[in-house]
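Structural characterization, general
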Amino acid sequence: MADDSASKALIRDAYAARHRGDLDALMGFFHPQCCYRLVGGPAAAEAFRQPDGLEAVREQMAGLIAAYVFSNVEELGLTVDGDRAILHWRADVACKPSGRSGHFEIVDIFTIADGKIASVTQFTDTAGVARLSAA
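All of the points below concern the structure found in this document.

Calculation criteria
- Residues numbered from 1 in each chain as written.
- Predicted model: local features only at pLDDT ≥ 70, side-chain atom pairs only at ≥ 80, totals over all residues.
- Heavy atoms only, no water.
- Helix = DSSP H or I, 4+ residues; strand = E, 2+ residues; numbered from the N terminus.
- Rg over C-alpha atoms; globule rule 2.2 N^0.38 Å.
- Contact = heavy atoms within 4.5 Å.
- Areas by Shrake-Rupley, 256 points an atom, 1.4 Å probe, with all protein chains shown as cover.
- Expected span 1.5 Å × (residues − 1).
- Buried < 20%, exposed > 50% of the residue type's maximum accessible area, 1.4 Å probe, protein only.
- Arc of directions from axis to C-beta.
- Disulfide = S-S within 2.5 Å.
- Phe/Tyr/Trp six-rings, centres within 6.5 Å; stacked < 30°, edge-to-face > 60°.
- Polar contact = N/O pair within 3.5 Å; in protein donor to acceptor, adjacent residues only side chain to side chain.
- Pairing = 2+ DSSP bridges.
- Axes fitted to C-alpha atoms, helices over the stretch in contact; angles between N-to-C directions.

A look at the overall build of the chain
- Secondary structure assignment for the chain yields four helices and five strands.
- If you list the helices and strands of the chain from N to C, you get α-α-β-α-β-β-β-β-α.
- In terms of C-alpha radius of gyration, the chain reaches 14 Å, essentially the compact-globule figure of 14 Å for 135 residues.
- Summarising its shape, the C-alpha atoms of the chain cover approximately 45 × 30 × 25 Å along the three principal directions.
- Within the chain, contacts between residues at least 6 apart in sequence are counted, and of these 50% link residues at least 24 apart.
- Of the accessible surface of the chain, which amounts to about 6800 Å², a share of 53% is contributed by carbon and sulfur atoms.

Pasting the structure below:
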């Protein structure tokens with residue numbers, strides 16, 4: 001079972017790396033058998049692919065970092081219960097390819113294993129992400 005303070009630091013440090021666009025640092029926080037889910041259908045936007053495994057998640061994160069820039073990030077809550085955690089946050093998101101931006105509220109559910117992020121399931125306004133991403 002993960003230590004609450006260590007899990008909170010892991011998540012905050014990973015998100016700080018993501019928000020500054022540091023792919024190598026971000027991937028250092030992920031477990032080798034990790035998965036990432038942005039809940040929504042792949043037909044709605046490329047961002048909704050659901051990779052499994054470190055290399056597939058790395059490829060997804062590289063694409064997300066290249067496409068989306070976060071600003072005005074605000075943590076609304078972070079709760080840890082054993083090897084599970086929930087992060088509630090909001091941010092302004094700019095999509096570089098489309099030039100559009102919007103304000104999003106996000107809830108992420110994590111599983112922590114061996115001091116690393118084993119899984120992330122992310123919930124947000126997927127229709128808004130699709131609109132933001134549309135060419």
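Description of helix 1 (residues 4-19)
- With 16 residues, helix 1 should cover 22 Å at 1.5 Å per step; its first-to-last C-alpha distance of 22 Å lies within 8% of that length.
- Listed in full, the buried residues belonging to helix 1 are Ser7, Leu10, Ile11, Ala14, Tyr15, Ala17 and Arg18. End-on, the buried residues of helix 1 take up no more than an arc of 155°, which puts them together on one face.
- Tucked into the core, helix 1 has its buried residues touching helix 2 (23-27), helix 3 (54-67), strand 2 (68-81), strand 3 (84-95), strand 4 (101-113) and strand 5 (116-123).
- Positive backbone phi, approximately 80°, marks Gly21, located one or two places after helix 1.

A short note on the state of the cysteines
- As enumerated under the stated definition, the model contains zero disulfides in all.
- No disulfide involves Cys34; its sulfur sits 7.1 Å from the nearest other cysteine sulfur, which is in Cys35.
- Relative accessible area serves as the criterion here: at 1%, Cys34 is assigned to the buried category.

Describing the packing of aromatic side chains
- Enumeration according to the criterion identifies three aromatic pairs in this entry.
- Ring centres of Tyr15 and Trp89 lie 5.6 Å apart, and the angle between their planes is 90°; on these two criteria the pair is classed as edge-to-face. Note that Tyr15 is positioned in helix 1 and Trp89 in strand 3, a separation of 74 residues in sequence.
- You can call Tyr15 buried: its relative accessible area is 13%.

Examining helix 4 (residues 126-133)
- Residues of helix 4 that are buried: Gly128, Val129, Ala130 and Leu132.
- The elements touched by buried residues of helix 4 are strand 2, strand 3 and strand 4.
- If you check the start of helix 4, you find a side-chain oxygen 3.3 Å away from the backbone N of Ala127, and it comes from Asp125.

Topic: the sheet that holds strand 2
- Here five strands make up an open sheet; going across it, the order is 1-5-4-3-2 and the pairing mixed. What marks the edges here is a single partner per strand, and that holds for strand 1 (30-38) and strand 2. For this sheet, the mean inter-axis angle between neighbouring strands, taken without regard to orientation, is 20°.
- Bridge count for strand 4 against strand 5 is seven bridges, and the pairing is antiparallel. The residue of strand 5 that forms the bridge with Ile112 is Ile117.

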